[in-house]
Structures are given as C-alpha cells and as structure tokens.
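Residues per chain, in single letters:
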Amino acid sequence: MQTTIKSPASFSGTGLHSGEKAVVTIRPAGAEHGIWFSRTDVTTGDRLIPARWEAVLRAPLCTRIQNNAGLEVSTVEHIMAALAGCGVHNALVEIDGPEVPILDGSAAPFVRGIMQRGLRTLPAPVRAFEVLRQVTVSDGEASATLAPADTLRIDFEIDFADRAIGRQSKSLVMNNGSFARELCDSRTFCRQSDVDAMRANGLALGGNAGENAVVFDGDRVLSPGGLRHRDEPVRHKMLDALGDLALAGAPLIGHYTGVRAGHSLTNTLLRELNR
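Residues numbered from 1 in each chain as written. Predicted model: local features only at pLDDT ≥ 70, side-chain atom pairs only at ≥ 80, totals over all residues. Heavy atoms only, no water.

Novice: Before we go on, may I ask you to explain the sheet that holds strand β15 (residues 167-173) in this structure?
Specialist: Sheet strands line up and pair through hydrogen bonds in the backbone, either parallel or antiparallel. If you walk across this open sheet you meet the 5 strands as β12-β13-β20-β14-β15, and the pairing is mixed. Since the sheet does not close on itself, it has two edges, and those belong to β12 (135-139) and β15, each with one partner. Between one strand axis and the next, the sheet turns through 5° on average, direction left out of account. Across the sheet, helix α5 (residues 232-245) lies against β13 (142-147), β14 (153-159), β15 and β20 (255-259), angled at about 130° from β14, the strand it touches most. On the sheet, helix α6 (residues 263-273) packs against β12, β13 and β20 and is oriented at approximately 145° with respect to β12. (Pairing = 2+ DSSP bridges. Helix = DSSP H or I, 4+ residues; strand = E, 2+ residues; numbered from the N terminus. Axes fitted to C-alpha atoms, helices over the stretch in contact; angles between N-to-C directions. Contact = heavy atoms within 4.5 Å.)

Structure follows, in structure tokens:
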C-alpha cells in the first residue's frame, strides 16, 4: 500500500552551492499525490514543482528541478533519496528558498526526521515501474544502465586519481532498510582543487569541510574526523543515484549500474527509458 509521513518534519540549514539559508518541511499528502516541492517564499504564480525526471534541468553538481513557470529548487537528490529509502510515496516538500539545505552532506538527517515521525498507510496500492529492457547511456568513460530485475538493485563504480579515493565499487539490493543502514549517512565529497574552483566561480558558498562535505587532496582526507566509511565516496554516489532515480515518479523495479555516472547522466537514462 502507498504511504505518507505521519506528521510534518522540518529541517533548516544552508544551501551548499547558493549559501542561502532555507527551511524545508516534509508534509503528509494523500494517495496518488506523489512528491511535489512548494516554494513557500513565492507569493504569486505557480509555486509547485513536480519531483519528476522531465522537470530536471541537467547539471553536473546537483539535481535541479523547475516547473513550467521557471520556478526552481536545487540540490533535491538527498531528500529524494531519503523519501525513497524510507518508502514514502506521497509528500509535499515545502521550502522557503531556492536550494535544499545541505545539512551534514548526507541524507541521514532527513532519514532520522522521517523515521521519528513514522509512516501512515494510505488506501491505495503502490504503482511501480518495472524495467523490461536494458537501457544504457554513456558520456566518455561514464555510463549508466538500467536492466530488468525483480527488485531495485544499485551497483556503482568510481575511479579517481586521488589516492585517498582511488577505485571503489559497491553493490546493494535496495530493500529491507539497506538504504538507512548502508548509505544514508555517507556525505558528499570533492577534491580541494574542486572547492577552490567552485568558490572562484561563486559556488559552494555554503560548504564547510568536516561539517557537510568530505574534502580530499591527493592521499589526504582533509575533513576533521576522517571518513564515516572506508568507501564513503562510492556509497554517496549510490545515495545520489537513488535520489535521482526517485524522480522516475514511482518506485523502480530494475538493476541500475553506474560507472563514474553523475546526476546529469542518470537523468539522461530516465529520459531514454521513457522514450
């Protein structure tokens, strides 16, 4: 049966890229509502934005969605992963700014908030999308694939020149709470050179190494406290992939394989799947 959160859960913080503060509240919604974002700071026009693949403005650093009126919300991937990983099918996500707060850089704060409120069963069956044929998209050395399977499975592989990251791979069947146990606390990561470049271009204004991102420099982990998992980077890439796949509009039954894939490529995969 479809589910929603039992009572509202609120979170506040700063956007990683914009540096703007925002409050996000996940509110219960009825059956067949799906996931929608609402810009509560906007007083005129259409302030509702659908959490769907066709609303995505593809970008390499985060997932950004936009409605037909041009209103946007960015960095939705972590909260979408939390909703999908906790089994929430219907919710209204209110936000009073243009970017979802980065919080600690993972989906764990969202997961804790959802689990503390609990879920309410709704009188409607879950509708899911079953992958019936293999679809692959690629961009240089990066690729993303969806293939038939009897449940959602995510495989991911990354390969970075920085020795502290290197080559990592992981595979998980995404049921029975595996997201909450294995992935949700893994933080976004970057290299120090990337941070310097983004800040020079007016990005990553809300980033703070050690608080909401893991920063690597060659063979060093610069963030105080080190890693939460030895393979935290690939786990975070899987977290991102789940959040981006949640924009399919319903739970997916299929096997996702990402090789150096990012937000834009996963969205390209969903677009190809829906052709």
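Novice: I tried to follow the environment of H78 on my own but got confused; where do I start?
Specialist: Position of H78 among the secondary structure elements: in helix α1 (residues 77-85). Classification of H78 as buried rests on a relative accessible area of 4%. Along the chain, H78 and S106 lie 28 residues apart, while their C-alpha atoms are 6.5 Å from each other. Filtering out sequence-adjacent residues up to four positions away, H78 remains in contact with I102, G105, S106, A107, F110, T188, H236, L239 and D240. A distance of 3.4 Å separates polar atoms of two side chains, one belonging to H78 and the other to D240. (Buried < 20%, exposed > 50% of the residue type's maximum accessible area, 1.4 Å probe, protein only. Polar contact = N/O pair within 3.5 Å; in protein donor to acceptor, adjacent residues only side chain to side chain.)

Novice: Please explain the pattern of salt bridges as it appears in this structure.
Specialist: Oppositely charged side chains are able to pair whenever their charged atoms sit close together. Enumeration according to the criterion identifies 17 salt bridges in this entry. Here R163 ties to D219 by a salt bridge, and the two come within 3.5 Å at their closest N and O atoms. Placement of R163 in the loop between β14 and β15 and of D219 in the loop between β17 (214-217) and β18 (220-221) is noted, with a sequence separation of 56 residues between them. Taking the relative accessible area as the measure of exposure, R163 reaches 69% and is therefore exposed. The partner of E182 in a salt bridge is R235, with the nearest N and O atoms 3.2 Å apart. On the criterion of sequence distance, the pair formed by E182 in helix α3 (residues 178-183) and R235 in helix α5 is long-range, its members being 53 residues apart. Residue R235 is classed as buried on the basis of its relative accessible area, which comes to 10%. (Salt bridge = Lys/Arg side-chain N within 4 Å of Asp/Glu carboxyl O.)

Novice: Which parts of the structure should I look at to understand the environment of A55?
Specialist: Structurally, A55 is set in the loop between β5 (48-50) and β6 (56-57). Along the chain, A55 and L245 lie 190 residues apart, while their C-alpha atoms are 13 Å from each other. Discounting chain neighbours no more than four positions away, the residues touching A55 are P50, R64, I65 and Q66.

Geometry only, nothing functional implied.
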